[in-house]
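Structural characterization, general
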Amino acid sequence: MNSLCPHCGWPDAEVYQVVSRRLTRDSGLMSWTRCACGSLQMRQQPRGKETAVVTRGRPTADMATLRHGHPELPSV
Ligand SMILES: [Zn+2]
């Protein structure tokens, strides 16, 4: 896997944070991970195969706020 997060450019191969992991019925692995930007990813790894990012969420609101820049807001 050599894709990058479209939101922050973090390499998908380097998991930032694992939120949950569980085995699927057919001995594959399904995991939810969080990217550095806060976007959640659902990853699926069929047994004996490479992990693939199935779906990807949006970055957290904080990140969106930072990106668009709201100087009127107090800094966190
Ligand atoms: Zn990201």
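Below, the structure is looked at part by part. From a predicted model like this one, the values you see are computed outputs, not experimental measurements. Each chain has its residues counted from 1, running along the sequence as written. Residues qualify for local features only when their pLDDT is at least 70, as the model is predicted, and side-chain atom pairs are given and counted only at 80 or more; totals for whole chains, interfaces and linings, by contrast, use all residues. As a rule here, side-chain values cover all heavy atoms of the structure and leave hydrogens and water aside.

**Things to note about empty space enclosed by the protein**
To locate leftover empty space, one rolls a probe as large as a water molecule over the atoms. Any residue with an atom within 4 Å of a point lines the site, the site being either a cavity, points on a 1 Å grid over the protein atoms alone where a 1.4 Å probe fits but cannot get out, or a pocket, an open set with protein on both sides within 12 Å along at least 5 of 7 lines. Grid points are joined across faces, edges and corners, and a volume is the space filled by probe spheres set on the points. By the definition in use, this model includes one cavity of 30 Å³ or more. Taken together, C5, W10, P11, D12, E14, V15, Y16, T33, R34, C35, Q41 and R43 form the lining of the largest cavity. Only DSSP runs of H or I covering at least 4 residues are called helices, and only runs of E covering at least 2 are called strands; the numbering of each starts at the N terminus. Contributing elements (two or more residues each) for the lining of the largest cavity: β2 (29-34) and β3 (40-45). Asp, Glu, Lys and Arg are counted as charged, while Ala, Val, Leu, Ile, Met, Phe, Trp, Tyr, Cys and Pro are counted as nonpolar; the rest, among them Gly, fall into the polar class. Residue classes in the lining of the largest cavity are distributed as six nonpolar, two polar and four charged.

**Observations concerning the coordination of the zinc ion**
Note that water is not among the atoms used; donors are N, O and S atoms within 2.8 Å of the metal (3.2 Å for Na, K and Ca), so sites may look incomplete. Around the zinc ion, the protein supplies C5 (SG), C8 (SG), C35 (SG) and C37 (SG) as donor atoms, at distances of 2.3 to 2.4 Å. Given four donor atoms and angles of 96 to 113 degrees at the metal, the environment of the zinc ion is assigned as tetrahedral. Every donor residue of the zinc ion comes from the same chain, spaced as C-x2-C-x26-C-x1-C. Highlighted residues: C5 in the segment before β1 (17-23) and C37 in the loop between β2 and β3, separated in sequence by 32 residues. A four-donor site is called tetrahedral if each angle lies between 85 and 135 degrees; a four-donor site is square planar, and a six-donor site octahedral, when trans pairs exceed 155 degrees and the remaining angles lie between 65 and 115; all other cases are labelled irregular.

**Some thoughts on the sheet that holds β1**
Through backbone hydrogen bonds, the strands of a sheet pair up, either in parallel or in antiparallel fashion. DSSP calls a pair of strands paired once it identifies at least 2 bridges connecting them. The sheet built from four strands is open, its strands ordered β1-β2-β3-β4 with antiparallel pairing. This sheet does not close on itself; its edge strands, each paired only once, are β1 and β4 (52-56). Pairs of neighbouring strands in the sheet enclose a mean axial angle of 25 degrees, with direction left out of account. Here β2 runs beside β3; their pairing, made up of six bridges, is antiparallel. What sits directly across from W32, in β3, is M42. Fitting a line to C-alpha atoms yields each axis, with helices limited to the stretch in contact; the angle taken between N-to-C directions then spans 0 to 180 degrees.

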